[in-house]
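The chain contents come next:
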Amino acid sequence: MPSKYRETSSHQELRRRLVEQLQAAGIRDLAVLNAFDQVPRHMFVPERFAARAYADEAFPLGHGQTISKPSTHALYLQALNLEGDERVLEIGTGSGYQTALLAMLADHVYSIERVPKLAEAARARIESLGFTNVAVRASDGTYGWRAFSPFDAILVTAGALEMPKPLLEQLRPGGRMLIPIGDSESQQLHRIEKTAAGEIEDTVIGEVRFVPLRGLGGHADIERRGGE
Ligand code: SAH
């Protein structure tokens, strides 16, 4: 964790308890547990939820979007098996919390968020923590980020109707992708591996419930207005 950030011991204590909870729920990857121990989630949730920031809860982020539960991020991060030298593409930056966790586990993180205000806020939080290996861009992530492709790992954190083709193309042979595919009520989390020969292996590793992915392979691009 970069050193810019200072905080109180109670935050550290709450994070330690979250880490214990994740361990009890079967998360074994020590690098993943260490990332949860270091990244201050209370900086990524809206102010009014800060007191509950280390509970295993999802919260509304505004713009009709949600910061996922820590256990969902843990499931993703453990399934990616990162070793530290990877170039990672994340679709659906949201709060930027998972982006920061990824920044601790990979070499470079490229994250795309379609709601410009969320992208800006996430970028500011990540910069204020001192990370220098993250780029956040406001655009439709279903087209990927060709300039920095191919990626060793791709994560989609919004529910797709089907696989956006550009993402498969931008996955490096030998790379892996996590993407929830289903309807707006629930999705199956697919772990896709591209073999060295370029073949696709697809395994369902769990049931999840995400806000809709918009764009290619996603839901119609309808703006949600008002409210959060
Ligand atoms: N990992 C985030 C999850 C945010 S919810 C967090 O825990 O904070 C999913 C996010 O995906 C939302 O912010 C939504 O705006 C974004 N999203 C939906 N469709 C997208 C698309 N086509 N490209 C980029 N982001 C998208």
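Residues numbered from 1 in each chain as written. Predicted model: local features only at pLDDT ≥ 70, side-chain atom pairs only at ≥ 80, totals over all residues. Heavy atoms only, no water.

### Some thoughts on the overall build of the protein chain
- Scanning the protein chain from N- to C-terminus turns up 6 helices and 9 strands.
- Its C-alpha atoms give the protein chain a radius of gyration of 16 Å, within 12% of the compact-globule value 17 Å for 228 residues.
- Viewed in the frame of its principal axes, the protein chain has a C-alpha envelope of about 50 × 40 × 30 Å.
- A fraction of 53% describes how many contacts in the protein chain between residues 6 or more apart in sequence connect residues 24 or more apart.
- As displayed, the protein chain has an accessible area near 10,700 Å², and 48% of this comes from carbon and sulfur atoms.
- For the protein chain, the separation between the mean place of its 26 positive charges and that of its 30 negative charges on side chains is 5 Å. (Helix = DSSP H or I, 4+ residues; strand = E, 2+ residues; numbered from the N terminus. Rg over C-alpha atoms; globule rule 2.2 N^0.38 Å. Contact = heavy atoms within 4.5 Å. Areas by Shrake-Rupley, 256 points an atom, 1.4 Å probe, with all protein chains shown as cover. Lys, Arg positive; Asp, Glu negative; His and termini not counted. Charge placed at Lys NZ, Arg CZ, Asp CG, Glu CD.)

### Observations concerning the packing of helix α3 (residues 70-80) against helix α4 (residues 97-105)
- One way to put it is that α3 packs onto α4 with a least axis distance of 11 Å and a crossing angle of 30°. Judged on the interaxial angle alone, α4 and α3 are roughly parallel. Crossing of α3 against α4: the hand is right-handed. Counted together, His73, Tyr76, Leu77 and Leu80 of α3 and Tyr97, Gln98, Leu101, Leu102 and Leu105 of α4 form the full contact between these two elements.
- Of the residues belonging to the contact of α3 with α4, the class tally is 7 nonpolar, 2 polar and no charged. (Axes fitted to C-alpha atoms, helices over the stretch in contact; angles between N-to-C directions. Parallel < 35°, antiparallel > 145°, perpendicular 65-115°, else oblique. Left-handed = near helix turned anticlockwise from the far one by under 90°. Nonpolar A, V, L, I, M, F, W, Y, C, P; charged D, E, K, R; others polar.)

### Description of the nonpolar core
- One finds Phe36, Phe44, Leu82 and Leu102 to be the most contacted residues of the largest nonpolar core, which totals 45 residues.
- With 6 residues, α4 is the largest single contributor of residues to this core.
- Those residues in contact with Phe36 that lie beyond four places of it in its chain are Arg15, Leu18, Val19, Leu22, Pro70, His73, Ala74, Leu77, Tyr97 and Leu101.
- Among the nonpolar cores identified, the runner-up in size contains 18 residues, and Trp145, Met177, Ile179 and Ile181 belong to it. (Core = buried A, V, L, I, M, F, W, Y, C linked by side-chain atoms within 4.5 Å. Buried < 20%, exposed > 50% of the residue type's maximum accessible area, 1.4 Å probe, protein only.)

### Thoughts on the pattern of salt bridges
- Enumeration over the complete set of coordinates arrives at 8 salt bridges.
- Measuring nitrogen to oxygen at the nearest pair gives 3.8 Å for the salt bridge that ties Arg17 to Glu13. One end of the pair is Arg17 and the other is Glu13, both in helix α1 (residues 9-24) and 4 residues apart, which spans about a single turn.
- Overall, Glu13 belongs to the partly exposed group, its relative accessible area being 38%. (Salt bridge = Lys/Arg side-chain N within 4 Å of Asp/Glu carboxyl O.)

### Some words on the site of the ligand
- What surrounds the ligand is a group of 26 residues, the closest being Ser95, Glu113, Asp140, Gly141 and Arg214.
- In the model, an oxygen atom of the ligand is placed 3.0 Å from a nitrogen or oxygen of the Ser68 main chain.
- Contact distances for the ligand include 3.2 Å between an oxygen atom and a side-chain N or O atom of His73.
- Considering only residue class, the shell around the ligand consists of 10 nonpolar, 12 polar and 4 charged. (Near = heavy atom within 4 Å. Polar contact = N/O pair within 3.5 Å; in protein donor to acceptor, adjacent residues only side chain to side chain.)

### Focus on the sheet that holds strand β8 (residues 187-194)
- Read across the open sheet, the 7 strands follow the order β5-β4-β3-β6-β7-β8-β9; overall the sheet is mixed. At either margin of the open sheet sits one strand with a lone partner, and together these are β5 (134-138) and β9 (200-208). Ignoring strand direction, the axes of neighbouring strands in this sheet form an average angle of 15°.
- Note: strand β3 (residues 87-91) against strand β6 (residues 151-156), 4 bridges, orientation parallel. The residue bridging Val88 from the neighbouring strand is Ala153, located in β6. (Pairing = 2+ DSSP bridges.)

### Quick notes on the packing of aromatic side chains
- For the coordinates displayed, the defined rule picks out 8 aromatic pairs.
- With a centroid separation of 6.3 Å and 65° between ring planes, the pair formed by Phe36 and Tyr97 is classed as edge-to-face. Of this pair, Phe36 sits in helix α2 (residues 30-38) while Tyr97 sits in helix α4, and the two are 61 residues apart along the sequence.
- A relative accessible area of 0% places Tyr97 in the buried class.
- In this structure an aromatic cluster arises from ring pairing among Tyr110, Trp145, Phe148 and Phe151.
- Its end group placed over the ring of Trp145, Arg137 keeps NZ or CZ at 4.7 Å from the ring centre. (Phe/Tyr/Trp six-rings, centres within 6.5 Å; stacked < 30°, edge-to-face > 60°. Lys NZ or Arg CZ within 6 Å of the ring centre and 35° of its normal.)

### Overview of the environment of Leu216
- Summarising the element assignment, Leu216 is placed in the segment after β9.
- Residue Leu216 is classed as partly exposed on the basis of its relative accessible area of 32%.

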